[in-house]
Amino acid sequence: MRWLVLLLAGALAFGIAGLAVPRLIGALLRLPGDEAVEVAVAGEHLRMVSYLRGVGSRQRSIAFMPERRSLAELGILYYDRATQAPADSPQQRELLGSSLDAFQESLTYSPVQPMAWYMVAEIELEQSALEAAARAFDWSILTSGYLQQQTRPRTLLGLRLWDRLQEATRARLLDSIVATLQAEPELVAQAAVDAGISDDIDSRLRAFGERGSLRAAQLRAAIRRNRHALARTASEEPVDMRRLLVASTVILTASVPQFAQAMTVEQYLAITRDQVPDQPPESVFPYLTGVLDGLLMLNQFNGDEGEPLFCMPAGEEIEINLPEFKRTFDAMLDEFERELPDFADLARTRSVGLAALDLMTRLHPCDSEIPEPSSAG
């Protein structure tokens with residue numbers, strides 16, 4: 001009898017090893033591109049060398065063992081590159097198509113990926129496939145009705161697709177609309193007016209309970225205040241938000257640390273002041289690395305168009321001392337905290353990326369004037 005137990009134990013161990021070894025090899029193949037994925041997930045643009053390293057590592061992992069995570073990360077990388085390509089260019093269309101293919105293939109391994117469905121909806125809409133975009137958005141809401149970090153982008157995309165969505169999707173989206181209205185009533189008013197659905201949203205909010213009634217009044221007031229300004233379209237908003245939308249796909253990738261999301265200044269200060277359990281102050285360094293990488297790439301693209309965001313001496317961008325940059329960055333935030341009366345509100349809504357850009361423009365202005373501290377977020 002003992003030999004039978006040993007035989008079964010050996011067979012079980014062999015079976016577990018058979019499952020674990022391929023996953024281990026897949027993880028090792030992905031490893032060289034992990035930093036590139038973290039940068040893209042953080043909403044920052046990748047440099048070409050980082051992009052190629054990330055794509056190559058994911059393609060090798062997929063060739064060895066196709067699975068959901070590597071495909072989703074490949075979709076993130078292609079999408080990041082597409083946002084940097086000239087608008088509506090053949091290059092952008094090809095990259096968006098590659099991103100869409102990767103996300104769709106990822107969904108064949110697991111359909112319960114709300115943000116993968118969201119990205120499919122976003123790309124389909126950019127390619128003017130409205131019905132396909134609506135169906136993907138339906139699935140995004142079906143697989144997870146409310147994602148706190150994604151209320152804003154989901155609200156904006158949902159309002160654009162409103163008339164094509166299933167009724168169950170519209171009903172479940174009201175939570176996100178209410179939350180976004182509370183933070184940015186003018187933005188929701190603009191999107192609802194542009195889509196021609198402001199009366200429908202208003203009536204649904206009134207029937208949504210006390211909280212909804214309050215937001216309905218807020219929506220009506222925002223429309224009255226901005227009746228003329230609302231003539232401009234909200235359709236450009238998702239384009240401006242592309243990098244933030246890429247960041248939202250962090251939900252897809254369990255390997256990406258929590259701090260690789262679009263970190264706010266408030267979250268950054270809490271970590272650096274050792275107020276977050278299991279997140280030591282030094283854990284912000286990988287995030288800052290990604291932020292700087294993205295800012296340098298963004299500045300390069302703007303510089304190619306003759307409008308750099310900041311002007312560093314030639315060659316200095318490859319010699320940035322990260323600890324020194326962090327000390328200067330922290331000193332700037334301390335100064336703002338002392339001098340700006342609305343700092344607490346700004347810290348909750350302003351990303352570390354925007355604050356770092358503010359610092360870079362102060363350290364390396366493109367003219368002789370260094371801008372004064374401002375409460376603009």
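Summarised in this report is the structure supplied together with it. Remember, predicted model here, so these are calculated numbers, not experimental data.

Scanning the protein from N- to C-terminus turns up 19 helices and 0 strands. Looking at the protein as a whole, 48% of its 377 residues qualify as buried. As displayed, the protein has an accessible area near 18700 Å², and 55% of this comes from carbon and sulfur atoms.

Moving on: unusual backbone geometry. Look at Asp88: it is not a glycine, yet its phi comes out positive at around 60°. Tracing the backbone through its elements, the reader meets Asp88 in the loop between helix 4 (68–84) and helix 5 (90–109). Asp88 gets classed as exposed once you look at its relative accessible area, which sits at 57%. A positive phi angle, close to 65°, is found at Ser128, a residue other than glycine.

With 18 residues, helix 17 (residues 322–339) ought to run about 26 Å at 1.5 Å a step, and its terminal C-alpha atoms sit 26 Å apart, in line with that. Taken as a whole, helix 17 has its buried residues at Leu322, Phe325, Lys326, Phe329, Asp330, Met332, Leu333 and Phe336. Down the axis of helix 17, the smallest arc covering the buried residues is 160°, so these residues share one side. Facing away from the buried side of helix 17, by more than 90 degrees, are the exposed residues Arg327 and Arg338. Regarding helix 17, its N-cap is Asn321, as a side-chain oxygen of that residue lies 2.9 Å from the backbone nitrogen of Glu324 further along.

Thresholds applied
Residues numbered from 1 in each chain as written. Predicted model: local features only at pLDDT ≥ 70, side-chain atom pairs only at ≥ 80, totals over all residues. Heavy atoms only, no water. Helix = DSSP H or I, 4+ residues; strand = E, 2+ residues; numbered from the N terminus. Buried < 20%, exposed > 50% of the residue type's maximum accessible area, 1.4 Å probe, protein only. Areas by Shrake-Rupley, 256 points an atom, 1.4 Å probe, with all protein chains shown as cover. Expected span 1.5 Å × (residues − 1). Arc of directions from axis to C-beta. Polar contact = N/O pair within 3.5 Å; in protein donor to acceptor, adjacent residues only side chain to side chain.

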